[in-house]
Amino acid sequence: MFSDQVLQMLADVLPILKRYEKQCAVGGAVAMGIQGAPRATMDLDVFILDKCRSRILYDIRKLGYQIIPVFEPFHYAAYPRWRTADIDPEVRIDLLFPADDIEVAGIERAEDVTVGRGKAAFSVRVFSPLFLTLSKLYSSQGKHLIDLGMMFNRGMIPMDEVLQILKDNDPDMVKKFLARIKFIERRLTDKPRPKFKTLKKGNRK
């Protein structure tokens, strides 16, 4: 499902995620994959409540990770101690300390999901499909519309729950959400046009 590097980073920080329980959770593409919509990724997104920011940053540094502020105090990049010159520089843990209610609620209401099988199996708290949908809906990044499409195609978007939350908290977003779903549905049902080869002048008869 994920690259060896992503799995290694998840294994590195899993004890920390367990230690802080409901104060942190995995989101982003890794959470999507765990919940059933795998997408290639080089990074691991960990969402953390601000009240334990200094402690978690300290604990991850103790693992040997190099932590670099991206947008302090909301976003830090943690690079693994085992990173070598031949490993993609995008291999990192994004430590995210959200200020908006949606992602905070995503952390607090994350789900315990089992990853792997047999003796190699482990559980990790990840964003639920509901909060994955909401976090990507409010994002301005184009790739997150693609993520919504992947989730919709896999039947992962809980439409009724999303609509109810939007109606209760942000009615203006209801039309935008439905428009995006309509766009996604259209893209999924559109048949690609046939491609015709253009003959070079010398080959025409």
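In what follows, the structure referred to is the one given above.
Residues numbered from 1 in each chain as written. Predicted model: local features only at pLDDT ≥ 70, side-chain atom pairs only at ≥ 80, totals over all residues. Heavy atoms only, no water.

Trainee: Quick one: what's the story with helix α1 (residues 4–20), residue by residue and with numbers?
Mentor: Its 17 residues give α1 an end-to-end C-alpha distance of 25 Å, which sits within 8% of 24 Å, the value for a rise of 1.5 Å per residue. By the largest-angle criterion, V13 marks the main kink of α1, which is about 45 degrees, and a proline, P15, follows within four residues. Elements in contact with the buried residues of α1: β1 (24–27), α2 (28–35), β2 (43–48), α3 (53–62), β5 (92–96) and β7 (122–126). Of the residues flanking the end of α1, it is E21, one or two places downstream, whose phi is positive at about 45 degrees. (Helix = DSSP H or I, 4+ residues; strand = E, 2+ residues; numbered from the N terminus. Expected span 1.5 Å × (residues − 1). Bend = angle between axes of the 7 residues up to and from the residue. Contact = heavy atoms within 4.5 Å.)

Trainee: I'd like a description of helix α4 (residues 101–108), backed by residues and values.
Mentor: Here α4 has its buried residues at E103, A105, G106 and I107. The distance from a side-chain oxygen at the start of α4 to the backbone nitrogen of I102 is 3.2 Å, and the residue carrying that oxygen is D100. (Buried < 20%, exposed > 50% of the residue type's maximum accessible area, 1.4 Å probe, protein only. Polar contact = N/O pair within 3.5 Å; in protein donor to acceptor, adjacent residues only side chain to side chain.)

Trainee: I'd like a description of the pattern of salt bridges, backed by residues and values.
Mentor: Counting across every chain of the model gives seven salt bridges. The salt bridge partner of R39 is D147, with a shortest N-O separation of 2.6 Å. Of this pair, R39 sits in the loop between α2 and β2 while D147 sits in helix α6 (residues 142–153), placing them 108 residues apart in sequence. By relative accessible area, which is 21% here, R39 ends up partly exposed. The closest approach of N and O atoms between R92 and E90, which form a salt bridge, is 2.7 Å. With a relative accessible area of 42%, E90 lands in the partly exposed category. (Salt bridge = Lys/Arg side-chain N within 4 Å of Asp/Glu carboxyl O.)

Trainee: How would you explain the packing of helix α5 (residues 129–137) against helix α8 (residues 172–189) if you had to name every residue and give the values?
Mentor: Packed helices, taken two at a time, are described by the angle between their axes plus the distance between the axes. One can describe the packing of α5 onto α8 by two numbers: an axis separation of 12 Å at closest approach and a directional angle of 100 degrees. If you check the angle between α5 and α8, you find them roughly perpendicular. Seen from α5, the contacting residues are T133, K136 and L137; seen from α8, they are M173, F177 and R180. Grouping the amino acids of the contact of α5 with α8 by side-chain chemistry returns three nonpolar, one polar and two charged. (Axes fitted to C-alpha atoms, helices over the stretch in contact; angles between N-to-C directions. Parallel < 35°, antiparallel > 145°, perpendicular 65-115°, else oblique. Nonpolar A, V, L, I, M, F, W, Y, C, P; charged D, E, K, R; others polar.)

Trainee: Kindly report on the pairing of β2, identifying the contributing residues and their values.
Mentor: Extensive coverage of β2 is indicated by the burial of six of its six residues. Here β2 shows no split at all, with D43, D45 and F47 on one side and L44, V46 and I48 on the other all buried. In this structure, β1 lies alongside β2, joined through four bridges in antiparallel fashion. Opposite C24, over in β2, you have I48 as the bridge partner. Here β2 pairs with β5 via five bridges, running parallel. Residue pairing in the sheet places D43 in a bridge with R92 of β5. (Pairing = 2+ DSSP bridges.)

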